[in-house]
Amino acid sequence: QMCIRDRYQRRVRALFSKSTTLNEFVMNRLLGRQPSRSISTVQRQQKHVPDLVSSRFSVVGHGKVLKGDETIDLDVVDGKTQAVVSKLAVRCDVFEAPLRRDLLQAAVVRERAARRQNPQAVKTRGQVRGGGRKPWKQKGTGRARAGSIRSPLWRGGGKAHAPLNTRNFTLCMPKKVVRLCLRSALSAKLVSQQLAVWQRLSIDSHKTSALAKLLKECNYESALFVDADDVDPEQHDLARAAGNLPRVNVVGLSQLTVYDMLLRDQLVLSEAAAAQLNSTLTPHRPTFVQK
């Protein structure tokens with residue numbers, strides 16, 4: 001008994017401060033009070049945010065917290081010659097936002113869950129054809145009572161607790177958090193020097209060889225091209241050329257996701273898309289009117 005009590009007291013001292021005795025602990029529990037825990041215990045029980053973004057995603061560096069309407073200049077280059085054509089002024093709170101690995105991980109999980117399919121399905125007793133008539137009467141035959149030949153107990157019957165293809169895997173995320181994830185992903189690409197702004201997303205030919213040659217000259221192993229308008233693979237030459245390249249994607253601004261941005265090493269925006277992202281992802285701050 002003494003050993004059990006000693007172990008119990010050691011557990012109490014580990015959870016609560018050393019000044020709290022066993023009797024005070026019992027009285028506090030009976031009175032419904034919560035005794036103060038030691039600082040070391042609180043620090044030990046804190047849930048540290050893990051490194052949620054996998055190392056295969058090219059997210060390197062941290063953004064800096066800036067306030068106000070500060071801007072930075074991005075180089076706008078010609079896609080064919082890679083020569084700087086002009087400068088584009090963008091907001092720092094959009095392209096230099098702090099890196100939120102926890103939110104990026106949540107966004108990746110949400111977008112991958114939305115793409116998940118559930119083709120598996122088994123018929124239940126209500127979905128199997130036939131079995132609407134009672135096989136025999138309830139009493140008088142000496143056999144076990146049965147109501148349908150499609151019962152899960154019968155051969156050829158339905159499946160009890162069958163998996164259905166009506167399951168929905170989509171996850172919800174607030175719109176403000178989605179915008180914050182996009183800002184964090186853009187900032188991570190800019191800090192990692194994996195963000196480029198082209199004047200126009202166009203090439204001379206719709207051939208895959210032409211795009212592959214251009215990517216080799218730019219030293220892009222995998223790339224995501226984002227245009228301001230919706231991309232039609234049959235009308236957009238760059239999208240047609242990227243159709244046979246497994247690590248190159250061309251999407252419109254309305255189809256841009258955090259998962260696609262982190263999946264590819266290089267992010268290439270058109271000048272119009274960068275300007276539209278700068279205006280769309282600007283954080284809304286409340287304005288106070290002084291009376």
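Residues numbered from 1 in each chain as written. Predicted model: local features only at pLDDT ≥ 70, side-chain atom pairs only at ≥ 80, totals over all residues. Heavy atoms only, no water.

Asks: Just checking my understanding: could you explain the overall build of the protein chain for this structure?
Replies: Assigned secondary structure in the protein chain consists of 10 helices and 6 strands. Residue burial in the protein chain is summarised as follows: out of 291 residues, 36% are buried. Taking contacts inside the protein chain between residues at least 6 apart in sequence as the whole, the part at least 24 apart equals 70%. When the accessible area of the protein chain is evaluated, it comes to approximately 19,700 Å², of which 50% is carbon and sulfur surface. (Helix = DSSP H or I, 4+ residues; strand = E, 2+ residues; numbered from the N terminus. Buried < 20%, exposed > 50% of the residue type's maximum accessible area, 1.4 Å probe, protein only. Contact = heavy atoms within 4.5 Å. Areas by Shrake-Rupley, 256 points an atom, 1.4 Å probe, with all protein chains shown as cover.)

Asks: Explain a nonpolar patch on the surface here, please?
Replies: Residues I149, L153 and W154 make up a contiguous nonpolar surface patch of about 310 Å² in total accessible area. Mapped onto the fold, I149 is located in the loop between α5 (101–114) and α6 (175–191). Judged by relative accessible area, which is 31%, I149 ranks as partly exposed. (Patch = residues over 30% accessible without salt bridge, like charges linked within 9 Å, V, L, I, M, F, W, Y side chains within 5 Å. Salt bridge = Lys/Arg side-chain N within 4 Å of Asp/Glu carboxyl O.)

Asks: In this structure, what is going on with the confidence of the model for the protein chain? I would like to understand it.
Replies: Atom-level detail of predicted coordinates should not be read off regions where pLDDT is low. Looking at the protein chain as a whole, its pLDDT mean stands at 80, while 74% of the residues score no less than 70. Here residues 35–52 is modelled with pLDDT under 50, and outside its nearest four sequence neighbours on either side it reaches 18 contacts, counting other chains as well. Here residues 54–67 is modelled with pLDDT under 50, and outside its nearest four sequence neighbours on either side it reaches 35 contacts, counting other chains as well. (pLDDT = per-residue confidence, 0-100.)

Asks: I would appreciate a short explanation of α5 in the present structure.
Replies: Because each turn of an α-helix spans 3.6 residues, side chains separated by three or four positions in sequence point in the same direction. Taking 1.5 Å as the rise per residue, α5 with 14 residues should run 20 Å; its terminal C-alpha atoms sit 20 Å apart, in good agreement. Residues of α5 that are buried make contact with α6 and α9 (258–263). (Expected span 1.5 Å × (residues − 1).)

Asks: Explain the packing of aromatic side chains here, please?
Replies: To describe a pair of aromatic rings, one takes the distance between the centres and the angle between the planes. A full pass over the atoms with the stated rule returns 2 aromatic pairs. Arranged with centres 5.9 Å apart and planes meeting at 35 degrees, the rings of W136 and W154 form a pair that is tilted. On the criterion of sequence distance, the pair formed by W136 in the loop between α5 and α6 and W154 in the loop between α5 and α6 is long-range, its members being 18 residues apart. Looking at W136, the relative accessible area reads 18%, which means it is buried. Between the NZ or CZ atom of R143 and the centre of the ring of W136, over which it lies, the distance is 3.9 Å. (Phe/Tyr/Trp six-rings, centres within 6.5 Å; stacked < 30°, edge-to-face > 60°. Lys NZ or Arg CZ within 6 Å of the ring centre and 35° of its normal.)

Asks: Which parts of the structure should I look at to understand the layout of surface pockets?
Replies: Picture a little ball the size of a water molecule; that probe, rolled over the atoms, points out where space is still empty. Approximately 370 Å³ is the volume found for the largest pocket. Contributing to the lining of the largest pocket are 18 residues, with V178, L182, L253, S254 and L256 lying nearest its centre. Residue assignment for the lining of the largest pocket shows that the elements contributing at least two residues are α5, α6 and α10 (271–280). A total of 4 residues in the lining of the largest pocket trace back to one element, the largest contributor, which is α6. Here the residues of the lining of the largest pocket sort into 9 nonpolar, 5 polar and 4 charged. (1 Å grid on protein atoms, 1.4 Å probe; cavity = no way out; pocket = protein on both sides within 12 Å on 5 of 7 lines; lining within 4 Å. Points joined across faces, edges and corners; volume = space filled by probe spheres on them. Nonpolar A, V, L, I, M, F, W, Y, C, P; charged D, E, K, R; others polar.)

Asks: Looking at this model, I keep getting lost on the nonpolar core. Mind explaining?
Replies: Proteins that are soluble and globular tend to have nonpolar side chains buried together. F95, L186, V226, V258, M261, L267 and L269 are the most contacted members of the largest nonpolar core, which has 37 residues in total. Considering every element that reaches this core, the biggest residue donor is α6, with 5 residues. Contacts of V258, omitting those with residues within four sequence positions, involve L104, A107, E111, C181, L182 and A185. Among the nonpolar cores identified, the runner-up in size contains 21 residues, and L215, V231, L238 and V268 belong to it. (Core = buried A, V, L, I, M, F, W, Y, C linked by side-chain atoms within 4.5 Å.)

Asks: Is there a simple way to think about the side chain of S270 in this case?
Replies: Mapped onto the elements, S270 comes out in strand β6 (residues 266–270). Sequence-distant contacts of S270, that is, excluding residues within four places in its chain, are made with V197, W198, L201, V226, D227 and A228.

Asks: Looking at this model, I keep getting lost on the pattern of salt bridges. Mind explaining?
Replies: It is possible for side chains bearing opposite charge to pair when their charged atoms get close. For the structure on display, the rule yields 6 salt bridges. R91 is the partner of D93 in a salt bridge, and the nearest nitrogen-oxygen pair spans 2.8 Å. With relative accessibility at 10%, the residue D93 sits in the buried group. A salt bridge links R115 to D260, with the nearest nitrogen and oxygen atoms 3.1 Å apart. One end of the pair, R115, is in the loop between α5 and α6; the other, D260, is in helix α9, and 145 residues separate them in sequence. Looking at R115, the relative accessible area reads 46%, which means it is partly exposed.

Asks: Any chance you could explain the side chain of S192 here in plain terms?
Replies: If you trace the backbone, S192 turns up in the loop between α6 and β3 (195–198). A relative accessible area of 18% means that S192 is categorised as buried.

Asks: Any chance you could explain the sheet that holds strand β5 (residues 248–252) here in plain terms?
Replies: Sheet strands line up and pair through hydrogen bonds in the backbone, either parallel or antiparallel. Strand order in the open sheet formed by 6 strands is β2-β1-β3-β6-β4-β5, and the pairing between neighbours is mixed. One side of each edge strand has no neighbouring strand; the edge strands of this open sheet are β2 (84–91) and β5. When the angles between neighbouring strand axes are averaged without regard to direction, this sheet yields 30 degrees. Of the strand pairs in this sheet, strand β1 (residues 71–77) and β2 are connected by 7 bridges, and their pairing is antiparallel. Bridge pairing in β2 places V76 opposite S86. (Pairing = 2+ DSSP bridges. Axes fitted to C-alpha atoms, helices over the stretch in contact; angles between N-to-C directions.)

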